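# Observations on the model geometry
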Amino acid sequence: MAKIIPFKAVRPTRDKVSLVASRSYQSYTQKELEARLDGNPFSFLHIINPGYKYHQEITGKARYTLVKNRYLEFKEDGVFIQDETPAYYIYKIVNRDGIAFSGIVAAASAEDYKADIIKKHEDTLEFRENIFKDYLKTVGFNAEPVLLTYPDNDVISDIIAETQKERAEFEFTTHFRDTHYLWLVKDEASINKIKTAFNTMDSIYIADGHHRSASSFLLAEDLKAENKMHSGDEAYNYFMSYLIPESELKIYEFNRLVKDLNDLTKDAFLIKLDAVFRIENRGTELYKPTGKHHFSMYLDGEFYSLYLRKHNYSLDNPLLALDTHILYKTVLEPILGISDLRNDTRIDYSHGKNDLVNIKMKVDKGDYAVGFGLVPISVDELKAIANSGLTMPPKSTFIEPKLRSGVTIYEF
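Residues numbered from 1 in each chain as written. Predicted model: local features only at pLDDT ≥ 70, side-chain atom pairs only at ≥ 80, totals over all residues. Heavy atoms only, no water.

## A few points about the pattern of salt bridges
The following threshold applies: Put simply, a salt bridge is a Lys or Arg side-chain nitrogen that is within 4 Å of an Asp or Glu carboxyl oxygen. A run of H or I in DSSP becomes a helix once it reaches four residues, and a run of E becomes a strand once it reaches two; helices and strands are each numbered from the N terminus. For every residue, the accessible area (1.4 Å probe, protein chains only) is compared with the maximum for its type, and the residue is labelled buried under 20%, exposed over 50%, or partly exposed between those bounds.
Following the criterion strictly, the structure yields 27 salt bridges and no others. Of the charged contacts, one joins K137 and D222 as a salt bridge, the two residues approaching to 3.5 Å between their closest N and O atoms. In this pair, K137 is assigned in helix α6 (residues 126–139) and D222 in helix α9 (residues 210–226), connecting sequence segments 85 residues apart. The exposure class of D222 is partly exposed, given its relative accessible area of 25%. Between E333 and K329 there is a salt bridge, with the nearest N and O atoms lying 3.2 Å from each other. On the basis of relative accessible area, E333 is assigned to the partly exposed category, the value being 29%. With relative accessibility at 38%, the residue K329 sits in the partly exposed group.

What follows is the structure in structure tokens.
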């Protein structure tokens, strides 16, 4: 039964929230990063990039300590305040396309992660888990929630809808024309209803943030071992999450680009593909696949449709039936010689929001020899993989919503 609890968030003041909120650090180019750090002294980027103050790159534990120092400075200067009572935080994002996401920022149980109540669909790398665990242990806070999804629930939906009839605690719009809203749920009756509703759920699912979840669990285990008075109620037993209903989760495909044909000619490559796909030349017009086990391919100025010959391929479990796995097992590994999807420099990925125009442009420029388009993985497929204890290939999903860092902070 999922244990999702309210907490006392540390938040930017209403007049500073739009200045503090930042995208994920890795999403900025160096030029963008420098512009924001130079032009905005309140950006959360100053906290997570503390070496900028000293005009040098600082790494490892020295960086972690400076991150904590910058964070404490923001609190001391009144940029951040902490709520006096625990609350659930209703968070809504309306993106530039008018798609709305409404969910709850809350603390999820690390023990639920261990017990597989919080289910995973991706592999994590142990060294990354431990690096981020050490980072968390030093800084003492979560600033970017893990994205979790839960089965649609009428009780939670009603509370979210009623809460949003009130004036939001804050509202701001980003340069990307996404508008963000936050409301607080502090009344005891609503808090208890939300707790109970989550407690009736056998499973909730990680949509985005597998490494952060794993690191938070490792941190909880470390601090539990160090605390002789451990009770299970300490803040370190939880991690900050943004929980949205399954119906609002938006999953885009990750398309594939490959730099060469593995020493094959175009004709030899097509002949090998013919063993596992029915191939049709679609000409120069942009062509997108229309269903499961159906791919588009852009090669030498033309689009092709690839339909899986199912009599030659087993679809016996959720992983075998997953399109990203099918493409890997039938094309990328056996024909193009790509076995390591994480580290092979011959393969790159383009998420579906960038669409097939991006693939065509990169192949036409000669940066890549061939590109493959896929259809998005569904929520049901994601859940089937997680429920079976299986993991998807890397870069199988590009998931929205994407939250800003520094808007709600969970201290442990």
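Next comes the rest of the write-up.
## Considering the sheet that holds strand β17 (residues 302–308)
The cut-off we apply is this: One requirement defines pairing of two strands: DSSP has to find at least two bridges between them. Helix axes use the C-alpha atoms of the stretch in contact, all axes being lines fitted to C-alpha atoms, and the angles between their N-to-C directions lie in the range 0 to 180 degrees.
As summarised here, the arrangement of the six strands in space is β15-β17-β16-β19-β14-β18, forming an open sheet in which the pairing is antiparallel. Only two strands of the sheet have a single neighbouring strand rather than two, namely β15 (277–283) and β18 (347–351). Averaged over all neighbouring strand pairs, the angle between strand axes comes to 25 degrees, with direction disregarded. Bridging between strand β14 (residues 254–258) and β18 involves five bridges; their strand directions are antiparallel. If you follow R256 over to β18, its bridge partner there is Y349.

## Considering the nonpolar core
Worth spelling out the cut-off: Buried Ala, Val, Leu, Ile, Met, Phe, Trp, Tyr and Cys residues form a nonpolar core when they are joined through side-chain atoms within 4.5 Å. In this description, contact between two residues means that some pair of their heavy atoms is separated by no more than 4.5 Å.
By size, the foremost hydrophobic cluster in this structure holds 37 residues, and its most contacted members are F7, Y89, Y91, Y242 and L249. Looking at this core, the elements that each hand over two or more residues are β4 (88–94), β5 (100–109), β9 (170–173), β10 (179–185), β11 (204–208), β12 (238–245) and α13 (379–387). If sequence neighbours within four positions are ignored, Y89 has contacts with F7, K8, A9, R11, D83, G103, I104, V105, L182, W183 and L184. Judged by nonpolar contacts, the second largest core, of 33 residues, contains L148, I156, I159 and L243.

## Description of the packing of aromatic side chains
Using the following cut-off: Within 6.5 Å between ring centres, the rings of Phe, Tyr and Trp (the latter by its six-membered ring) count as paired, and their orientation is classed by plane angle as stacked under 30 degrees, edge-to-face over 60, tilted in between. By definition here, charges over rings are those cases where NZ of Lys or CZ of Arg is within 6 Å of the ring centre and within 35 degrees of the ring normal.
Inspection of the entire model under this criterion finds 18 aromatic pairs. Taken together, a centroid distance of 5.8 Å and an interplanar angle of 40 degrees make the contact between F170 and F172 tilted. Exposure class is identical for F170 and F172. Each is buried. Ring centres of Y181 and W183 lie 5.9 Å apart, and the angle between their planes is 15 degrees; this geometry places the pair in the stacked category. Classification of W183 as buried rests on a relative accessible area of 5%. The rings of F7, Y89, Y410 and F412 are connected pair by pair, giving a single aromatic cluster. For the cation-ring pair, K16 lies above F42, with the distance from its terminal atom to the ring centre recorded as 5.0 Å.

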